Amino acid sequence: MSTASAPLAESINATLADLLDKEPALLLLGEDIGRLGGVFRVTRGLRDRFGADRVRDSLLAESTIVGQAVGLAMSGLVPVCEIQFDGFTYPAVNQLVTQAARIGERSNGQVSPSLVVRIPSGGGVRGVEHHSESNEALFARVPGLSVACPSTGEDADQILRYAVRLGSPVVVYEPIRLYWRRNAPVRDAGPAKSPTAARVVRRGTDLTIATFGAVTHEVLQAAHALAPTVDVEVVDLRWVAPLDMDTVMESVAGTGRLLIVHEGSKDVGIGAEIAAFMAEHGFGVLRAPVRRLAPARRAYPPADFEKDYLIDVQQITDEVLVMTK
Amino acid sequence: MLVARGVDEEARQLQKQGALDLWLSCQGQEAAQVGSALAVGPAPTVFPSYREHAVALLRGVTPAELVAQWGGRTFCGWDPLSLRFFPYTLVLAAQTLHGVGYSIGQRLQGREDFVVVYIGDGATSEGDMSEAMNLAAVESASVLFVCQNNGWAISKPAREQMRTSLAERARGFGIEAVRIGGRDPETVFSACSQAAAHVRAERSPCLVEIQVARMHGHSTSDAQEIYRSGEDIAEARAADPVTAYAARLRESGLVDAAWFDGVEAEVRLLREQLMKEYT
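On a predicted model such as this, the values are computed, not experimentally measured, just so you know.

### Considering the overall build of chain A
1) Next: When helices and strands are tallied, chain A shows twelve helices and 14 strands.
2) Next: At 19 Å, chain A has a C-alpha radius of gyration in line with the 20 Å of a compact globule built from 325 residues.
3) Next: Along the first, second and third principal axes, the C-alpha set of chain A runs to 60 × 40 × 35 Å.
4) Next: Counting the 325 residues in chain A, one finds 54% classified as buried.
5) Next: Sequence separation of at least 24 residues holds for 77% of the intrachain contacts in chain A that already meet a minimum separation of 6.

### Things to note about the confidence of the model for chain B
1) Next: Per-residue confidence for chain B averages 97 on the pLDDT scale, and 100% of its residues sit at or above 70.
2) Next: Scored as a complex, the prediction yields pTM 0.97 and ipTM 0.96.

### Concerning the sheet that holds strand β12 (residues 239-241) of chain A
All names here are of chain A.
1) Next: Taken in spatial order, the seven strands make up an open sheet running β3-β2-β4-β5-β7-β6-β12, and their pairing is mixed. Among the strands making up the open sheet, the edge pair consists of β3 (55-57) and β12. Averaged over neighbouring strand pairs, the angle between their axes works out to 20° when direction is ignored.
2) Next: Sheet topology note: the strand β6 (residues 146-148)/β12 ladder contains two bridges and is antiparallel. Each residue of the ladder has a partner; that of A148, found in β12, is W239.
3) Next: Along the sheet, helix α7 (residues 153-163) makes contact with β5 (116-121), β6 and β7 (170-175), crossing β7 at roughly 160°.

### Quick word on the environment of B:E235
1) Next: Structurally, the position occupied by B:E235 is in helix α11 (residues 230-238).
2) Next: Put simply, B:E235 and B:L81 are 154 residues apart on the chain and 39 Å apart in space, counted from C-alpha to C-alpha.

### Section: the domain arrangement of chain A
Residues and elements named next belong to chain A.
1) Next: Annotation of chain A at the domain level lists domain 1 (2-178) and domain 2 (187-324).
2) Next: Its C-alpha centre places domain 1 at a distance of 25 Å from the equivalent point of domain 2.
3) Next: When residues of the side of domain 1 that touches domain 2 are traced back to their parent elements, those giving at least two are α6 (136-140), β6, α7 and β7.
4) Next: Looking at the side of domain 1 that touches domain 2, its residues break down into 13 nonpolar, ten polar and five charged.

### Some thoughts on the packing of helix α8 (residues 216-226) of chain A against helix α12 (residues 313-324) of chain A
Helix-helix packing: each pair is described by the crossing angle between the helix axes and the interaxial distance.
All names here are of chain A.
1) Next: Relative orientation of the contacting elements α8 and α12 amounts to 55°, with a least axis distance of 8 Å. Relative to α12, the element α8 lies oblique. As for the relative orientation of α8 and α12, their crossing is right-handed in sense. Note on element contacts: α12 touches α8 through V313, I316, T317 and V320, opposite E218, V219, Q221, A222, A225 and L226.

### Considering the environment of A:S151
All names here are of chain A.
1) Next: As for its position among the elements, S151 is in the loop between β6 and α7.
2) Next: Between the alpha carbons of S151 and R56 there is a distance of 26 Å; along the sequence they are 95 residues apart.
3) Next: Not counting the four nearest positions on each side in its chain, S151 is found in contact with P175, L178, F212, G213, A214, T216 and D236.

### Quick notes on helix α10 (residues 270-281) of chain A
Residues separated by three or four positions in an α-helix point in the same direction, a consequence of the helix having 3.6 residues per turn.
All names here are of chain A.
1) Next: A rise of 1.5 Å per residue sets the reference length of α10, with its twelve residues, at 16 Å; its end C-alpha atoms lie 17 Å apart and thus fit the reference within 8%.
2) Next: Turning to α10, its buried residues are I270, G271, I274 and M278. The arc that holds the buried residues of α10, viewed along the axis, is 100°, so those residues lie on one side. Looking at α10, the residues exposed on the side facing more than 90 degrees away from the buried face are A276, A279 and E280.
3) Next: Against α6, β10 (207-211), β12, α9 (245-255), β13 (258-261) and β14 (291-293) lie the buried residues of α10.

### Quick look at the packing of helix α2 (residues 30-40) of chain B against helix α10 (residues 185-202) of chain B
Residues and elements named next belong to chain B.
1) Next: The geometry of α2 relative to α10 is characterised by a closest axis approach of 8 Å and an angle of 40° between their N-to-C directions. With respect to the hand of their crossing, α2 and α10 are arranged in right-handed fashion. Of the residues in α10, those in contact with A31, A32, V34, G35, S36, L38, A39 and V40 of α2 are P185, V188, F189, C192, S193 and A196.
2) Next: Grouping the amino acids of the contact of α2 with α10 by side-chain chemistry returns eleven nonpolar, three polar and no charged.

What counts and what doesn't
- Residues numbered from 1 in each chain as written.
- Chains lettered and ligands numbered in written order.
- Predicted model: local features only at pLDDT ≥ 70, side-chain atom pairs only at ≥ 80, totals over all residues.
- Helix = DSSP H or I, 4+ residues; strand = E, 2+ residues; numbered from the N terminus.
- Rg over C-alpha atoms; globule rule 2.2 N^0.38 Å.
- Buried ≥ 20, exposed ≤ 12 C-beta atoms within 10 Å, placed from the backbone.
- Contact = placed C-beta atoms within 7 Å.
- pLDDT = per-residue confidence, 0-100.
- Pairing = 2+ DSSP bridges.
- Axes fitted to C-alpha atoms, helices over the stretch in contact; angles between N-to-C directions.
- Domains from an automatic or database assignment.
- Nonpolar A, V, L, I, M, F, W, Y, C, P; charged D, E, K, R; others polar.
- Parallel < 35°, antiparallel > 145°, perpendicular 65-115°, else oblique.
- Left-handed = near helix turned anticlockwise from the far one by under 90°.
- Expected span 1.5 Å × (residues − 1).
- Arc of directions from axis to C-beta.

Put into structure tokens, the structure is as follows:
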């Protein structure tokens, strides 16, 4: 149940190239994104095509990247920043949270910065310390920031095109382990209702799994493997802030069961928010308790132990069987 | 300087009466602010810290707009774009990177790229200040950094904050820098005019460190008597740049009593209007 697909990195590269081509105000900014094409080669060839002014090799300082991007956005440009690895986002948190997220309101709406921060994220690639984290929940609770977690090239394309015109900052998490993967589990081809909507990527009747990011692949593999015993519906949230709870509610109204799966640690995570929302607004449609499948609260381990940390297909399958027993 | 002093004093009174939640006085820094703002003229965009009240007033922010955020009415009381005076930034030194980025962005779009960034001595300990100086230097951004060094980061004296002057630190980043006294607006005007000319001619950054005296506490919530000697406070007040410059103008005969009467009447009117608006 898998199919050949263009690698995510290639899709993002094509989208960025097209945006640079069509939007004169847009520029890229990040460590090693120009000459090298980025450590994951997502921006390969763009500096040669669009010049060093628009594909800017930044200083090796994350606060500088986002802080200067705020100024660039104030001047009317649309900076699309790249942070090299998820775990290196932290030096930029102040500029993102206290500045980028608040500039619009602080200027009484006179400045509406379109500013995108792309962050390669997640594990499964034997990264060294800090290189495999998933910190999307950190930003999801910051008012003024939108947070997207696309898991396919098509979704990344739609999200990036929307983000660069939004008029407020968007953090986009890109799953590292999908960057260069050339096959993906089969998905329903139906279009998303809107650029900010979740997408139902597999129709099913027995249980809903809400998920996002790289682990969407494992979820789909589990769902396909469980059929026809259990018919799982899979909702790829695509955004964790704001969350499209309408689509989740609609799905659970049909299935009566909800499992949330994500790679970021469980405590005070995205799953907690979804579960709380279901308890408050969807209790009547539930036929079983909402459950979460996510790593325990601990630092991402050294690569030799990452398999113990990551959620795999078997765990998802087991969890679904427990919930539908 | 007299207008800024009057508005600042009225805001202090309004805070004491409970009409404002907080006020950060700029008293003692008027010569540094007026001298630097007049030297760069109206064209550059200003990225202030949060105490540049005299610069704000010169840029056309009204007294009522200036105090609005300190009375809990808004995050920014004025129109930042048309005045080219950006909102006050309370997270220290965050605005330094915005200023450099803005200048780069303006240059890329072929527009006026001269930017003035104001910062206090305490805030220069923040990493963003070092990052902004380095970025401005390597990008050769048209940024004039104006540091008003009032000798205190709330209760921590400057000698405990840094082992060198900020001007010396700036030179380490490859930025032309001078350190001057901030009591006389003409000295400030002259140094900032030269610095501005450098920024315009070389299209590269410059830093002016201005030594000023802090006459009051860091804010109206501060109690500087706890950590600062009475002698030191008295010295700072005796070095008041506003009364000193007024006396100098009077003695030189450049302006007459009628001129002072006119300014005094203007200040009185502004203070009355501000009081009515906020009480």
